[in-house]
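Examining the three-dimensional arrangement
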Amino acid sequence: MEDDRRIVITGVGMTAPNGNDLDEYRTNLLECRARIGKLDLRYMGETPAGICDFDSLRHQKKRELRVGTRAGSVSIYCAREGLADSGLDWESMDSNRIGVYVGTTEHGNVETENEVYNISQFDYDTRFWSHHHNPRTVANNPAGEVTLNLGIHGPHYTIGAACAAGNAGMIQGAQMLLLGEVDVALAGGVSESIRSFGIFAGFRSQGALATHIDPNQASRPFDMERNGIVVSEGGALYVLERLSDAKKRGANIVGEISGWCINSDASDYVLPNAERQAECMERALKMAKLNSDDIDIVSTHATATKQGDIQECKAVRSVFGKSEKTYVNNTKSYIGHCMGAAGALELAGNLPSFSDGIIHPTINVDSLDPECELPNLVINTPKEGVKVDAILNSSFGMLGINSALIIRRFSE
Amino acid sequence: MTKEEVQKIVIDIIEEIAPDEDVSDIKPEVRLRDQLDLDSMDFLDIVMELRKQHGIEVPEEDYPKLASLESCGEYLTPKFNEKG
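A brief report on the enclosed structure follows. Because the structure is predicted, anything quoted here is derived from the model rather than measured.

1. Focus on the interface of chain B and chain A
On the side of chain A, 13 residues touch chain B, which itself brings 14 residues to the contact. Taken over both partners, the interface formed by chain B and chain A buries close to 1,300 Å², and the fraction arising from carbon and sulfur atoms is 53%. It is B:Asp20, B:Met41 and B:Lys52 that lose the most area in chain B upon contact with chain A, and together they represent 36% of the buried surface on that side. Across the chain B-chain A interface, the total number found is five salt bridges. At the boundary of chain B with chain A, the tally comes to twelve residue pairs in polar contact (both at pLDDT 80 or more). For the side of chain B that touches chain A, the elements supplying multiple residues, two or more each, are helix 1 (3–17) and helix 3 (40–54) of chain B. In terms of residue count, helix 3 of chain B provides more of the side of chain B that touches chain A than any other element does, seven residues in total. Here the residues of the side of chain B that touches chain A are counted per class, giving five nonpolar, no polar and nine charged.

Printed below as a string of structure tokens:
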């Protein structure tokens, strides 16, 4: 394939509840350190949640933080850190040729809840409703804030794809590069969802909100005692370029996006569909021209709901059950469910496997659910000494959206 | 309430809505936008905070009267005093 038809990752900017850069994050994943806190939520009280502690003033003024949104702030942090990591010469770039594609599960809930609460303090007099409400809640807000902060004049928008949004953002970025719409794509996903009680309350009403006396043990995919999702915030934005451009400037290439698929279950609002998930993975493999046993890591979406984990394991089993060299892991046990950022962050945590040859485990599995048994599920202890050449990253979301993204070790 | 006291209230509001700005040396006669990094949304914030914190209404046609600290004092002092 020609170099201008190949899309590569040349920078990673991220913040997760257990790390504000890839090194810190990776170290915590390999040392099996979860970092889930407790939030005192409006109307709900203390609830386990993944909270990021990046320095928001590193790239923004106080005024920007007051006017903007948390999702915007997470996006700006990730975009700036990703650009620094990429080594792009920002000053010499054509700002019209940079695109920003940010995946989000939802946007606007946080700000709307805050405004309703605000006017409740004034007897629901709507004269007290903020004029900042609309720019904060338009769906393009997180991506738009990045362009404002960085002076980017290319396209920007968010990709609403429920919890498949992180993958969807990256896929969108890759597609725009292939179309020649932009020369650099800042792409991935973000989440500010922990600031919305409604997200937590919705999961609780659905019987899908995790509870545990120890927050760090609350998120436990595949474990018999799992009882739901830990909602988290976070973000990961990647610098994507065509290989031809990356080579020209001698960029450090982290990996190559070699295949993807997004499909729809068309079967239920919330229940997953193993058959469609498997189809999604298979189609991504086909695009990448790989067989299932070419994949070294399947980074699962599993959120620690009873049904979701079982269905996904069924899908993984059907595609990778006979592949002896494919290992399976999960990241949500460390950081909870980072919603729109989940796919992008979970991929980020696995990318260093290309160089360190270690597969981080999923933790908090004290008693594996027999229905989640998979031949090479990496549990509680890292698997070392594995040559990792290809990663398949799965992310699924409500309304039956499935995504699979394949990243390969870069080679000519 | 004196004009100076009202101007102090306006400065406190500006300090809240533009936390990166140095408000210690605002020149009363000079337009606020010419000496501070404020945009039209910030002026709406000033209007909102006057409403929220002090129950003072500034109709849209009077927004130009908030241009400088001096004009804020002239315009708002009677409003504060009417309110009692």
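From this point on, the discussion continues.
2. Let's talk about the nonpolar core
Residues and elements named next belong to chain A. Of all hydrophobic cores here, the largest spans 49 residues; its most connected members are Ile 9, Tyr 238, Leu 240, Ile 257, Leu 345 and Leu 351. No other element matches the seven residues that helix 7 (residues 165–178) contributes to this core. Discounting residues that sit within four places of it in the chain, Ile 257 has contacts with Ile 7, Ile 9, Met 170, Ala 174, Leu 240, Leu 405, Ile 406 and Ile 407. Core analysis: the second largest hydrophobic core is formed by 28 residues, Cys 261, Ile 310, Cys 313 and Ile 406 among them.

3. Thoughts on a nonpolar patch on the surface
Residue and element names in this part refer to chain A. Taken together, the side chains of Tyr 269, Val 270, Leu 271, Met 398 and Leu 399 present a nonpolar region at the surface, about 520 Å² in accessible area. Note that Leu 271 resides in the loop between strand 9 (255–264) and helix 10 (274–288). Judged by relative accessible area, which is 46%, Leu 271 ranks as partly exposed.

4. Focus on the environment of A:Leu237
All names here are of chain A. One can find Leu 237 in strand 8 (residues 234–242). Given the relative accessible area of 1%, Leu 237 is considered buried. With 161 residues separating them in the primary sequence, Leu 237 and Ile 76 have C-alpha atoms 9.3 Å apart. Setting aside anything within four residues of it in sequence, one finds Leu 237 in contact with Gly 11, Val 12, Gly 13, Ser 75, Cys 78, Ala 79, Gly 82, Val 102, Ala 187, Gly 188 and Gly 189.

Thresholds, definitions, all that
Residues numbered from 1 in each chain as written. Chains lettered and ligands numbered in written order. Predicted model: local features only at pLDDT ≥ 70, side-chain atom pairs only at ≥ 80, totals over all residues. Heavy atoms only, no water. Contact = heavy atoms within 4.5 Å. Buried area = accessible area lost by both parts, 1.4 Å probe. Salt bridge = Lys/Arg side-chain N within 4 Å of Asp/Glu carboxyl O. Polar contact = N/O pair within 3.5 Å; in protein donor to acceptor, adjacent residues only side chain to side chain. Helix = DSSP H or I, 4+ residues; strand = E, 2+ residues; numbered from the N terminus. Nonpolar A, V, L, I, M, F, W, Y, C, P; charged D, E, K, R; others polar. Core = buried A, V, L, I, M, F, W, Y, C linked by side-chain atoms within 4.5 Å. Buried < 20%, exposed > 50% of the residue type's maximum accessible area, 1.4 Å probe, protein only. Patch = residues over 30% accessible without salt bridge, like charges linked within 9 Å, V, L, I, M, F, W, Y side chains within 5 Å. Areas by Shrake-Rupley, 256 points an atom, 1.4 Å probe, with all protein chains shown as cover.

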